[in-house]
Amino acid sequence: MTEYILRFLIGGAVVSLFAVLAEMLRPKSFAGLFSAAPSIALATIGITIARHGVSYAAIESRSMIFGAVGFFVYATACSWLLMRKRVRALTATAALLPVWLGVSFGLLWAWSLQR
Amino acid sequence: MMVQCKFSAIKGILPHEWITRFVFGGAVCVFAGLMSKWFGAEIGGLFLAFPAIFPAGACLVEAHERRHKARAGFDGTQRGHIVAGIDAAGAAMGCVGLAGFALICRVCLPHMSALAVFALATPAWFVLSMGVWWLRKSRVFRRRRKRGSSTHAFRPS
């Protein structure tokens, strides 16, 4: 239980820090870089290493690469939808979350097939 | 283009927006941990690159632009969509850095201390992201954009 409380507190603080940085910076395309900051990884990899060891964290990091590719496709699709179709940000970001899931899990599945 | 840092922007963040970001960020970190516990490191690792700040950030950016324009007596709905779209394009560029961060962690974690890996991977994330952003803003790409569509997803702000 303590691990999850720690994850919540550290994660909340790190994510808020990057969000505030994004809020302060101009132009907005530059501030957007901080929306893809490794905030969850920075907040949790240390806890993972302490609890499960380095090799477990290394496996998580490999999967994180696939997650980052999924995030790239998701953010590009969101940008296209927001700028071309002028839909609300909440609608675009929520409706396209399956894109992140699909690409990330698809790449992980393709990787596991190759081994 | 010069990058500016407006400290006064912090004053514009409402209390519920601080709480939303903190709770959402914390919840995603707990969720990532639970996924790792239930389904193993491979699936749990995917959630280390979950878009944690981005959806909340894009919605808040849109709301801020709308409020800003409304104060001047204009309807900022369209402007809000465009600024959120630019923010999303920036996030897509940041994903290159995020993948670089993950790659460095994957390669270096078994051989170096966690602190040393973070000290290497975090600047690498920043340099890679900034590099992609700078390339996108550079003249080479601007010339290419002129030949193509004027409403490209990565149109500069």
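The structure displayed is predicted, hence computed values, not measured ones. (Residues numbered from 1 in each chain as written. Chains lettered and ligands numbered in written order. Predicted model: local features only at pLDDT ≥ 70, side-chain atom pairs only at ≥ 80, totals over all residues.)

Engineer: I keep staring at the overall build of chain B and nothing clicks. Help me out?
Structural biologist: Helices and strands together make up the secondary structure of chain B, namely 6 helices and 1 strand. Reading the helices (α) and strands (β) of chain B from amino to carboxyl end gives β-α-α-α-α-α-α. Out of the 157 residues belonging to chain B, those deemed buried represent 43%. (Helix = DSSP H or I, 4+ residues; strand = E, 2+ residues; numbered from the N terminus. Buried ≥ 20, exposed ≤ 12 C-beta atoms within 10 Å, placed from the backbone.)

Engineer: For this particular structure, what's the right way to read the overall build of chain A?
Structural biologist: Along the backbone of chain A there are 6 helices and 1 strand. Taken from N to C terminus, the helices and strands of chain A fall in the order α-β-α-α-α-α-α. Every one of the 115 residues in chain A was classed for burial, and the buried ones make up 55%. Considering only intrachain contacts with a sequence separation of at least 6, the fraction spanning at least 24 residues in chain A is 55%. (Contact = placed C-beta atoms within 7 Å.)

Engineer: What exactly am I supposed to notice about helix 4 (residues 77–108) of chain B here?
Structural biologist: Quick reminder: α-helices carry 3.6 residues per turn. Residues three or four places apart thus point the same way. Residue and element names in this part refer to chain B. In this model helix 4 runs 46 Å from its N-terminal to its C-terminal C-alpha over 32 residues, within 8% of the 46 Å that 1.5 Å per residue would give. Where helix 4 bends most, at Gly94, the angle is about 25°. Of all 32 residues that make up helix 4, 26 are buried, and the element is covered over most of its length. (Expected span 1.5 Å × (residues − 1). Bend = angle between axes of the 7 residues up to and from the residue.)

Engineer: Whenever I open this one, the interface of chain A and chain B confuses me. Can you help?
Structural biologist: A common way to state how big an interface is: give the accessible area lost once the parts meet. At the junction of the two partners, chain A supplies 75 residues and chain B supplies 74 residues. For the side of chain A that touches chain B, the secondary-structure elements that each account for two or more residues are helix 1 (2–24), strand 1 (25–26), helix 2 (28–31), helix 3 (39–52), helix 4 (54–84), helix 5 (89–95) and helix 6 (97–114) of chain A. Ranked by residues supplied to the side of chain A that touches chain B, first place goes to helix 4 of chain A with 27 residues. Broken down by class, the residue content of the side of chain A that touches chain B amounts to 49 nonpolar, 17 polar and 9 charged. Sheet topology note: the strand 1 of chain A/strand 1 (residues 4–5) of chain B ladder contains 2 bridges and is antiparallel. (Nonpolar A, V, L, I, M, F, W, Y, C, P; charged D, E, K, R; others polar. Pairing = 2+ DSSP bridges.)

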